[in-house]
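Listed below are the residues making up each chain.
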Amino acid sequence: MNEKNKKLLNNTFLFLLGNIGSKFIQFILVPLYTYTLSTAEYGVTEIVLTAINFLFPVFSMSIADGFLRFGLSKDYDKDKITSICIKITMVGSVISIICTPLLNINSTLSTYMIFFLTILNLRMYRDLLSIRLKVLDKNKMYAIDSILYTFSLCISNVIMLIVLKQGINGYFISYIVANIVSIIFLMCNSEYKLKSLTEKSDKETTKKLIKYSLPMIINAIAWWITTAADKFMLQYMMNDSAVGIYSIATKLPTFVTTFTGVFNQAWIISSVIEFDNDREKKFYSNTFKKYVGLLFLGTTFMICIIKPFIKIYVSPEYFEAWKYAPVLLISATASGIAAFMVGIYAAFMKNINITVTTVIGGVLNIILNYILIDKIGIMGAAVATYVSWLVIAIARIIDSKKFFDFEIDIKKLIIYNILAIIQTVCIVVLNNWVGEIIAVAIFIIIAIKEREIFTEIIKVIKSKLSKKEKGKNEQVKEKV
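A few points on the structure. Keep in mind it's a predicted model, so treat the numbers as computed, not measured. (Residues numbered from 1 in each chain as written. Predicted model: local features only at pLDDT ≥ 70, side-chain atom pairs only at ≥ 80, totals over all residues. Heavy atoms only, no water.)

### Focus on the side chain of Ser285
(1) Moving on: Among the structural elements, Ser285 can be located in helix H13 (residues 281–313).
(2) Moving on: Side-chain polar atoms of Ser285 contact the backbone nitrogen of Glu407, separated by 2.9 Å.
(3) Moving on: Those residues in contact with Ser285, other than ones at most four positions away along the chain, are Phe406 and Glu407. (Helix = DSSP H or I, 4+ residues; strand = E, 2+ residues; numbered from the N terminus. Polar contact = N/O pair within 3.5 Å; in protein donor to acceptor, adjacent residues only side chain to side chain. Contact = heavy atoms within 4.5 Å.)

Okay, structure coming up:
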């Protein structure tokens, strides 16, 4: 295994370590929410958190994107970049408070405004400090922080929802506690001195940072529209209960989105670094090939087990969510492919291209949601999400080839997508043993086709184990 792949694999493993623990705990928390909050109450919490996700890039000015790109560059001082980003975020905090009267237009936000503003601002600073760890190549600390954050969230939720029975208020308090604990940990490990904020910022660097980051606000909003606007449209066109059920369905593709999210954190770093070195196309091609194989393996497996799983996973009130989960799973596959291209765009600093493709998907998502929710209800939101992400993925593949023509097996992508769609239709529409057999057969076909991946995974595991064993033997020899 060459040095490039080793670096990518090590970073992926570290991010996976942090995210698997955190996502696993969050996955366990879903049943807790379904048994302590009604579908309407859970819908309200999702509306508030979704609004935070929407306004987060606006008030933070998406400076985190610039921080990661410029912080990884050898041409800029990491401490000075950090100071500039924190100052910009502080301005965003003030603006968020000033804008409170405008936010009160939404009755749900108005009711929980204190929680909304507190979580929003804590997240902005936590995001910067966590990126600081990536910039410093302290990925182990980043992984530990992810676990610490989610562990704090879990404990707080248990206390607030089960012991103290605080309902929605308890739910939001848990998020505040988890963010505070994480920020304290990050500050202790970020190697950054607050007195650096008093130093004068370089105007030229500040301009470059803002110029790079501002277009990403539009991208983030368009991304939010593609992934979350459907919840607001469901609330408007249906009710809070529909939002609650749909939100549970969106939680089920967690294993796929965790994999794509973890990998792409490491991929963006490797893509930028390798771009600065030699831009070897073979590295990008091989990485994409293996990534797609794993993506469809995970998705098709999850679709096979989704219905029996959700029956034991959530309370009966939320069981209906199983119908929409398979569509959202193949949506996660499409979004994962689109996310891979972000690494290519980041390396070439083509952030405008990211924005344009995401905006196309966002506009399409709103149009499809408006048409389909009215006709087929919650399923309309799921279908709109899939189509939007598929369009974004296709647009980015075509666009990226204009400036970096690395090899992509288009035929394989089309066949795998068709198989995943057939599998979804069999599970949801047929809804019987025939559909299950066809779904399992499709998973087996892809597993056989991607059998080389299993061989490589086994090799990596054996390599890790042999290194540990070698380390233990050397420690024994030293003691002797």
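Still to come is the rest of the account.
### Describing the environment of Tyr370
(1) Moving on: Looking at where Tyr370 falls in the secondary structure, it is placed in helix H15 (residues 351–376).
(2) Moving on: Note: C-alpha distance between Tyr370 and Ala384 (14 residues apart in sequence) is 9.2 Å.
(3) Moving on: Beyond its immediate sequence surroundings of up to four residues, Tyr370 is in contact with Met233 and Met237.

### Quick word on the side chain of Thr355
(1) Moving on: With respect to the secondary-structure elements, Thr355 resides in helix H15.
(2) Moving on: With relative accessibility at 7%, the residue Thr355 sits in the buried group.
(3) Moving on: For Thr355, the contacting residues outside a window of four places in its chain are Pro215, Met216, Ile218 and Asn219. (Buried < 20%, exposed > 50% of the residue type's maximum accessible area, 1.4 Å probe, protein only.)

### Observations concerning the nonpolar core
(1) Moving on: Counting 113 residues, the largest nonpolar core has Phe116, Phe288, Met341 and Phe406 as the members making the most contacts within it.
(2) Moving on: When residues no more than four places from it in sequence are discounted, the contact partners of Phe116 are Val48, Ala51, Ile52, Leu55, Leu103 and Leu109.
(3) Moving on: With 17 residues, the next largest nonpolar core counts Leu72, Ile84, Ile131 and Tyr192 among its residues. (Core = buried A, V, L, I, M, F, W, Y, C linked by side-chain atoms within 4.5 Å.)

### Digging into a nonpolar patch on the surface
(1) Moving on: Where nonpolar side chains cluster on the molecular surface, the patch consists of Ile410, Ile414, Ile418, Ile422, Leu430, Trp433, Val434, Ile437 and Ile438 and spans about 810 Å² of accessible area.
(2) Moving on: Elements with a contribution of two residues or more to the nonpolar patch: helix H17 (410–430) and helix H18 (433–449).
(3) Moving on: Counting residues per element, the nonpolar patch draws most heavily on H17, which supplies 5 residues.
(4) Moving on: Note on placement: Ile418 falls in helix H17.
(5) Moving on: Looking at Ile418, the relative accessible area reads 45%, which means it is partly exposed. (Patch = residues over 30% accessible without salt bridge, like charges linked within 9 Å, V, L, I, M, F, W, Y side chains within 5 Å. Areas by Shrake-Rupley, 256 points an atom, 1.4 Å probe, with all protein chains shown as cover. Salt bridge = Lys/Arg side-chain N within 4 Å of Asp/Glu carboxyl O.)

### A short note on a positive patch on the surface
(1) Moving on: Side chains of Lys289, Lys411, Lys449 and Arg451 sit close together on the surface and give a patch of like positive charge.
(2) Moving on: Residue position: Lys449 is located in helix H18.
(3) Moving on: Its relative accessible area of 60% is what places Lys449 among the exposed residues. (Lys, Arg positive; Asp, Glu negative; His and termini not counted. Charge placed at Lys NZ, Arg CZ, Asp CG, Glu CD.)

### Here we look at the packing of aromatic side chains
Two aromatic rings are characterised by how far apart their centres lie and by the angle between their planes.
(1) Moving on: In this structure the tally under the stated criterion is 14 aromatic pairs.
(2) Moving on: Here the aromatic rings of Phe309 and Tyr313 are separated by 4.9 Å at their centres, their planes lie at 25 degrees, and the arrangement is stacked. Highlighted residues: Phe309 and Tyr313, both in helix H13, separated by 4 residues, approximately one helical turn.
(3) Moving on: Taking relative accessible area as the criterion, Tyr313 reaches 8% and is therefore assigned buried.
(4) Moving on: One aromatic cluster is present, built from ring pairs that chain together Tyr33, Tyr42, Tyr112, Phe115, Tyr171, Phe172, Tyr175 and Tyr318.
(5) Moving on: Sitting above the plane of the Tyr149 ring, Arg126 keeps its charged end 3.9 Å from the centroid.
(6) Moving on: Geometry around Trp322 places Lys307 over its ring, the cationic atom sitting 4.6 Å from the centre. (Phe/Tyr/Trp six-rings, centres within 6.5 Å; stacked < 30°, edge-to-face > 60°. Lys NZ or Arg CZ within 6 Å of the ring centre and 35° of its normal.)

It is worth stressing that arrangement in space is one thing and function is another; only the former is reported here.
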